[in-house]
Every structure is written in C-alpha cells, then in structure tokens.
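Results of the structural survey
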Amino acid sequence: DSDMTITICTDLLSKCDEERARKCIDSPVTLTHTQGMEELYRLAQTYLCRGIAYGEKKKDKESMQDFDKALSINPNFSTCLTNRGILLIREGKPMEALKDLEQAILLNPLSWDALTAKSHIHQNSGDIKAYNQDRQEMAQLASKLKAKPFRNTNNDYSQLALSYDNKLIVVHPKVAAYYVF
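Residues numbered from 1 in each chain as written. Predicted model: local features only at pLDDT ≥ 70, side-chain atom pairs only at ≥ 80, totals over all residues. Heavy atoms only, no water.

What follows covers the overall build of the protein chain. On a plain count of helices and strands, the protein chain comes out with nine helices and three strands. Listed N to C, the secondary structure of the protein chain is α-α-α-α-α-α-α-α-β-α-β-β in terms of helices and strands. Across the 181 residues of the protein chain, 40% fall into the buried class. The contacts of the protein chain with a sequence gap of at least 6 include a subset with a gap of at least 24, amounting to 49%. Per element, the accessible surface of the protein chain, about 10800 Å² overall, is 53% carbon and sulfur. (Helix = DSSP H or I, 4+ residues; strand = E, 2+ residues; numbered from the N terminus. Buried < 20%, exposed > 50% of the residue type's maximum accessible area, 1.4 Å probe, protein only. Contact = heavy atoms within 4.5 Å. Areas by Shrake-Rupley, 256 points an atom, 1.4 Å probe, with all protein chains shown as cover.)

Quick look at the structure:
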C-alpha cells in the first residue's frame, strides 16, 4: 500500500548518502566508481518509488519533489520523466508535461505510458494531426510488443482493466481500445 511504500522509501533514503556516492564515482578506482553508480541508481529508484506512492495519495507537491530529486540524480531516467509528465498533466500543465513525455520517448522508444499520455495531451488540446500520429505510433509499438487489439463493449473501463490484473494497457479512457500483452 502507498503508506507502507512511503515509509520504506523514506527509511531507505535516510540511509543513502548521495554526496558519498558522487565522490565514489569520481574515484580512480573502478570498483568504487561502480559502487557509487549503483548507489546513485538505487537512490534515484527510491525517490521514484516514493514519488509514485505520494502521487497515489494525491500528495502532488511531495510527489513532484521526489521526481525532481530522482531526475537531478539521473536526468536520463525515462520512467521518472514519464511519471513527472503524467503528474504535470494532472496539475494542468500540458506543455511542460509534453516536454517530459517526449524526452522519455526519446530515451525509451518502448515507453507505452509516455506515448499514451502524450496522445492524451494532443487529443485534449484538439491537435488532431498530432493525435493521429500518436495513434499510429501506438499501433506500431503495440505490433512490436506483439499486443492484440481488444474491444470493450460495455464501457466499464476501470473494472475491465482491473479484471485483467494490469495485463491490459488503456490506450485512452475515452476510446474503447485496449491491448493485451
């Protein structure tokens, strides 16, 4: 649950030392360099996990702070860019979100969530040309991932997604198209 995740992540973060890890990276000893990189990677991952948990609790300020901290440690963290982009959409900042989502897609072309969120921005802004391009990219990605189209006829999107235990990826809440992986 979110509260437990926040508690565990906060405890882990209190034991991490970013400054020490950065000093290890600058060390000429290869093993120390590797250990420093691994510690920074874990630190960024922990900030991401706690940021997601805060987001689930609708604590957007704390969530954004953790995403920002993770990205200050690893600016090429595509999963974090995607999550921050989705949070920015929720905060009503679609243009800022679009920058994060496009960067996430550049870093990880298989980022279904980033592409889906980007599509959502284009659809809501009325940019039909960009939205159609996003849909084509999503269809190509679904094909690469060997996803099968699935049509929802009862319009009960959330229950359907839950019933497949996260094996379905929602293309867009207003579109009854899903892909099964």
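What follows continues from the structure just given.
Now for unusual backbone geometry. Excluding glycine, a negative phi dihedral is what most residues carry, and trans is how most peptide bonds are arranged. Here the phi dihedral of Lys-58 falls at roughly 65°; this positive angle occurs in a residue that is not glycine. Along the chain, the position of Lys-58 falls in the loop between helix 3 (30–56) and helix 4 (60–73).

Moving on: the nonpolar core. Ranked by size, the top nonpolar core spans 29 residues in total, and within it Leu-43, Tyr-47, Ala-70, Ile-73, Phe-77 and Cys-80 carry the most contacts. Among the secondary structure elements, those contributing two or more residues to this core are helix 3, helix 4, helix 5 (78–90), helix 6 (94–107), helix 7 (112–125) and helix 8 (128–144). Residues in contact with Ala-70, not counting those within four places in the same chain, are Ala-44, Tyr-47, Leu-48, Phe-77 and Cys-80. (Core = buried A, V, L, I, M, F, W, Y, C linked by side-chain atoms within 4.5 Å.)

All right, on to a nonpolar patch on the surface then. A cluster of nonpolar side chains, namely Met-4, Ile-8 and Leu-12, defines an oily patch on the protein surface of about 290 Å² accessible area. By the secondary structure assignment, Ile-8 is in helix 1 (residues 2–15). Assessed through its relative accessible area of 45%, Ile-8 is described here as partly exposed. (Patch = residues over 30% accessible without salt bridge, like charges linked within 9 Å, V, L, I, M, F, W, Y side chains within 5 Å. Salt bridge = Lys/Arg side-chain N within 4 Å of Asp/Glu carboxyl O.)

A few words now on the pattern of salt bridges. Pairing is possible between side chains that carry opposite charge, provided their charged atoms lie close to one another. If you walk through the whole model with that rule in mind, you get eight salt bridges. The salt bridge involving Asp-60 is made with Arg-90; its shortest N-O contact spans 2.3 Å. Here Asp-60 is found in helix 4, whereas its partner Arg-90 is found in helix 5, with 30 residues between them in sequence. For Asp-60, a relative accessible area of 19% puts it in the buried group. On the accessibility criterion, Arg-90 (41% relative accessible area) is partly exposed. Residue Asp-134 is joined to Lys-118 by a salt bridge in which the shortest nitrogen-to-oxygen separation is 3.5 Å.

It is worth spelling out the packing of helix 5 against helix 7 at this point. As a packed pair, helix 5 and helix 7 sit with axes 9 Å apart at the nearest point and diverge in direction by 25°. Between helix 5 and helix 7, the angle falls in the class roughly parallel. Considering how the two elements wind past one another, helix 5 and helix 7 form a crossing that is left-handed. Contact with helix 5, carried on its side by Thr-82, Ile-86 and Ile-89, involves Asp-113, Ala-114, Ala-117, His-120 and Ile-121 of helix 7 and no other residues of that element. For the contact of helix 5 with helix 7, the residue count by class is five nonpolar, two polar and one charged. (Axes fitted to C-alpha atoms, helices over the stretch in contact; angles between N-to-C directions. Parallel < 35°, antiparallel > 145°, perpendicular 65-115°, else oblique. Left-handed = near helix turned anticlockwise from the far one by under 90°. Nonpolar A, V, L, I, M, F, W, Y, C, P; charged D, E, K, R; others polar.)

On to the packing of helix 4 against helix 5. At a minimum axis separation of 10 Å, helix 4 and helix 5 run at an interaxial angle of 150°. Considering the angle they form, helix 4 stands roughly antiparallel to helix 5. Crossing geometry of helix 4 relative to helix 5 is assigned as left-handed. Facing helix 4, whose interface residues are Asp-60, Ser-63, Met-64, Phe-67, Asp-68, Ala-70 and Leu-71, helix 5 presents Cys-80, Leu-81, Asn-83, Arg-84, Leu-87, Leu-88 and Arg-90. The class makeup of the residues in the contact of helix 4 with helix 5 is eight nonpolar, two polar and four charged.

Okay, the side chain of Thr-82 next. With respect to the helices and strands, Thr-82 occurs in helix 5. Filtering out sequence-adjacent residues up to four positions away, Thr-82 remains in contact with Leu-101, Ala-104, Ser-111, Asp-113 and Ala-114.

Looking at the secondary structure, you find Ile-52 in helix 3. The partly exposed category is assigned to Ile-52, whose relative accessible area is 30%. In the structure, Ile-52 is positioned 14 residues away from Asp-66 in sequence and 8.7 Å away in space, judged by C-alpha atoms. When near neighbours in sequence (up to four residues on either side) are disregarded, Ile-52 contacts Phe-67 and Asn-83.

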